[in-house]
Structures are given as C-alpha cells and as structure tokens.
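# Coordinate inspection notes
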Amino acid sequence: MNLEDREEIARLFETEKFDVVCNLAAQAGVRYSLENPHAYINSNIVGFLNILEGCRHNHVKHLVYASSSSVYGNNKKMPLSTEDRVDNPVSLYAATKKSNELMAHTYSHLYGLPSTGLRFFTVYGPWGRPDMAYFLFTKAILENKPIKIFNHGDLYRDFTYIDDIVEGVAKIIEKPPLTPPKGENKECYKVYNIGNSAPVKLMDFIETIEKAWGKEALKEYHDMQPGDVYKTFADVSALENDFGYAPKTSVEEGIGEFVKWYKSFYK
C-alpha cells in the first residue's frame, strides 16, 4: 500500500465521519500466503494499520474486524477457545491475523479505541471466494475433473454458513466493549470465536456437495499441505453469553442454498 492509498483512506475517514467501522478486508487464504507473502504484509498489516489510524484520528466508536481460526495453528485441545495460547501460527496468513489482534489491542490501550476481533471459522455459502474448497469441488464435479483431497480426507472443519456469520456480526457491531473509567488499567478490547461449533469431516462435506449436485466427484488423494491444520472446532460460548449468538444452519441446508445460488449465478 503506497502513500497515495494511505492518503485516500485518511480522506475517506475524515469526509465520512464513521461512527462504526467493520473491516472485513484482507488478503485471505493459507495456501496463497506460501506463494505471495508480500501481499499479506501489504494488505493485512499495512492496510490494517491505516484502518486503525483512521479510527484513532476520527474518534470511531467501535472497530469490528476479521481475525481467523487460523491463529490457533495446530492446537490440540478442542474446542478451540479464545483463552488458548495462539503464539504458534503455522502460516503467514495466521501470523498476520494474530498481528491484527495485537495491533488492535495496542490502539485500545493507547487511544481508547473500542475494538472487537472475530475469529471466523471456515465461512461458506453464496458469493464466497472462488478459491475456497467448496467452490473448487463444485467446479471440478461439474467439469468431470478430479478434486484434490488433502491428508487423504482425514481433516475436520467447523463449516459456518454465511447467514449465521452475518447475524453474529450485526449484533456485535451494535455493542462495543465498554471504555473503562479513567485510571483503570483495562482496555476496551474483545476477541470472540464465531463459528458453527460442530466440526464436519472433510469426506462428509464432499459427500454433501455430491448429493446436492446428484453427481459423484472424481477424487485424488494427497498428503497434508504445508500451513494446513488438522481440525477446527469453535468454542462460541462467550459469543452466546454476550450476544445470544446461536448458529442454526446445518451443512446440508447451507450447501443446498449454495448450489441454488451457483446454478442461478453461473447459469
């Protein structure tokens, strides 16, 4: 991100006078971070710093931003809790997301910026990223091409449908962490998991996609990829307690909605 971009963001904040900022922008994905690490530093670190500076200088009342379940690395204790240590990332993408949490904490402490970080767990659904697994599986199935299945299918993911994510984010935006009274050594800073809290085995997920399309996938089995993790499983109890968050979309329902959208969008 160059000086011109930085100045443009500063002008946007100054002109619009945002009350709340919800920053979901990032260079996403573990695998691409192995190929192009500079893109992740430029977008996820430098870009996020510009958002923090815009919030700081324009007295934004609440910053909500996207972190990731990737910050947990290969933590073995399940479900994954925000109380767990997250100082052993296994990809640069994960490292940048943990860095975002640390940066937000610093701005909360120094400048009283209320911030809430959300560790998203494998979001899927209509209008998703075409490099996500369910998109790639669908495209390959329809084109009669093999799909790549890593770790020979022995992987688990806490697949979370986009509508459940949006509902949670909308609730959180309206309730910033409280700014402590002057003199108290506290920060107006929170981090939550946001996921389905119901991990699904990769092979079961693929079978759900096959059933939705009425067509079996050609399968290629591969070893574990660098930077990948074995299992994600969100402990969302804090989000449930503080916001009444309750994901309700099953994988079968979510994939069904994705397939309907895909048929309509791609004709």
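Details of the structure are given in the entry above.
Residues numbered from 1 in each chain as written. Predicted model: local features only at pLDDT ≥ 70, side-chain atom pairs only at ≥ 80, totals over all residues. Heavy atoms only, no water.

The helix and strand tally for the chain stands at nine helices and 10 strands. The C-alpha radius of gyration computed for the chain amounts to 19 Å, which stays within 12% of the reference 18 Å derived for 267 residues, consistent with globular compactness. The C-alpha extent of the chain, read off along each of the three principal axes, is 60 × 40 × 35 Å. Burial status across the chain gives 43% buried among its 267 residues. Put simply, of all contacts in the chain between residues at least 6 apart along the chain, 85% involve residues at least 24 apart. (Helix = DSSP H or I, 4+ residues; strand = E, 2+ residues; numbered from the N terminus. Rg over C-alpha atoms; globule rule 2.2 N^0.38 Å. Buried < 20%, exposed > 50% of the residue type's maximum accessible area, 1.4 Å probe, protein only. Contact = heavy atoms within 4.5 Å.)

Here the focus is the packing of aromatic side chains. For the structure on display, the rule yields 28 aromatic pairs. Geometrically, the ring pair formed by Phe48 and Tyr65 is tilted, given 5.2 Å between the ring centres and 55 degrees between the ring planes. Of this pair, Phe48 sits in helix α3 (residues 37-57) while Tyr65 is found in strand β2 (residues 62-68), placing the two residues 17 residues apart along the sequence. For the residue pair Phe48 and Tyr65, the accessibility class agrees, reading buried in each case. A cation sits over an aromatic face here: Arg56 above Tyr111, 4.0 Å from the ring centre. (Phe/Tyr/Trp six-rings, centres within 6.5 Å; stacked < 30°, edge-to-face > 60°. Lys NZ or Arg CZ within 6 Å of the ring centre and 35° of its normal.)

This part covers the sheet that holds β2. Pairing between the strands of a sheet comes from backbone hydrogen bonds, and it takes one of two forms, parallel or antiparallel. With respect to topology, four strands assemble into an open sheet ordered β1-β2-β3-β8, the strand pairing being parallel. A single partner strand is all that each edge strand has here, and the edge strands are β1 (20-23) and β8 (189-194). For this sheet, the mean inter-axis angle between neighbouring strands, taken without regard to orientation, is 20 degrees. Pairing geometry for strand β3 (residues 115-120) and β8, over six bridges, is parallel. Bridge assignment links Phe120 to a residue of β8, and that residue is Ile194. The strands touched by helix α6 (residues 162-173) within the sheet are β1, β2, β3 and β8, with β3 carrying the most contacts at an inclination of about 170 degrees. (Pairing = 2+ DSSP bridges. Axes fitted to C-alpha atoms, helices over the stretch in contact; angles between N-to-C directions.)

Residues lying three or four places apart along an α-helix face the same way, a consequence of the helix completing one turn every 3.6 residues. Along its 14 residues, helix α1 (residues 3-16) runs 20 Å from first to last C-alpha, staying within 8% of the 20 Å computed at 1.5 Å per residue. Phi turns positive one or two residues past the end of α1, at Lys17, with a value near 55 degrees. (Expected span 1.5 Å × (residues − 1).)

Another point: the pattern of salt bridges. In total, this model carries 18 salt bridges according to the counting rule given. With a closest N to O distance of 3.4 Å, Glu143 and Lys145 form a salt bridge. Exposure remark for Glu143: the relative accessible area of 36% places this residue in the partly exposed category. If you follow the salt bridges from partner to partner, you end up with Arg31, Arg157 and Asp228 in one network. (Salt bridge = Lys/Arg side-chain N within 4 Å of Asp/Glu carboxyl O.)

Let us now look at unusual backbone geometry. Residues Met78 and Pro79 are joined by a peptide bond in cis, for which omega reads -5 degrees. Among the secondary structure elements, Pro79 is positioned in the loop between β2 and α4 (92-111). At Lys17, a position not held by glycine, the phi torsion is positive, near 55 degrees. Mapping Lys17 onto the fold places it in the loop between α1 and β1.

Once that is clear, we can look at the state of the cysteines. Summed over all chains, the structure comprises zero disulfides. Just so you know, Cys22 is unpaired, no disulfide at all, and the nearest cysteine sulfur is the one on Cys55, 11 Å from it. We classify Cys22 as partly exposed; its relative accessible area is 33%. Cys188 forms no disulfide, and the closest cysteine sulfur to it belongs to Cys55, at a distance of 12 Å. (Disulfide = S-S within 2.5 Å.)

With that settled, consider helix α9 (residues 251-266). With 16 residues, α9 should reach 22 Å at 1.5 Å per residue; the first-to-last C-alpha distance of 22 Å fits that figure. Just past α9, the residue Lys267 takes up positive phi, approximately 55 degrees.

Here the focus is the packing of helix α5 (residues 133-142) against α9. Packing of α5 against α9 brings their axes to within 12 Å, and their N-to-C directions diverge by 60 degrees. The orientation of α5 with respect to α9, classified from their angle, is oblique. For the crossing formed where α5 meets α9, the hand is right-handed. Contacts from Tyr134, Phe135, Thr138, Lys139 and Leu142 of α5 reach α9 at Phe258, Trp261, Tyr262 and Tyr266. For the contact of α5 with α9, the class distribution of residues is seven nonpolar, one polar and one charged. (Parallel < 35°, antiparallel > 145°, perpendicular 65-115°, else oblique. Left-handed = near helix turned anticlockwise from the far one by under 90°. Nonpolar A, V, L, I, M, F, W, Y, C, P; charged D, E, K, R; others polar.)

Turning our eyes to something else, we now look at the nonpolar core. The nonpolar side chains of a soluble globular protein tend to be buried with one another. Residues Tyr134, Phe205 and Ile209 are the most contacted members of the largest nonpolar core, which totals 26 residues. Taken together, the elements giving at least two residues each to this core come down to α5, β5 (146-149), α7 (202-213) and α9. Beyond its immediate stretch of four places on either side in the chain, Phe205 contacts Tyr134, Phe159, Val200, Val251 and Ile255. (Core = buried A, V, L, I, M, F, W, Y, C linked by side-chain atoms within 4.5 Å.)

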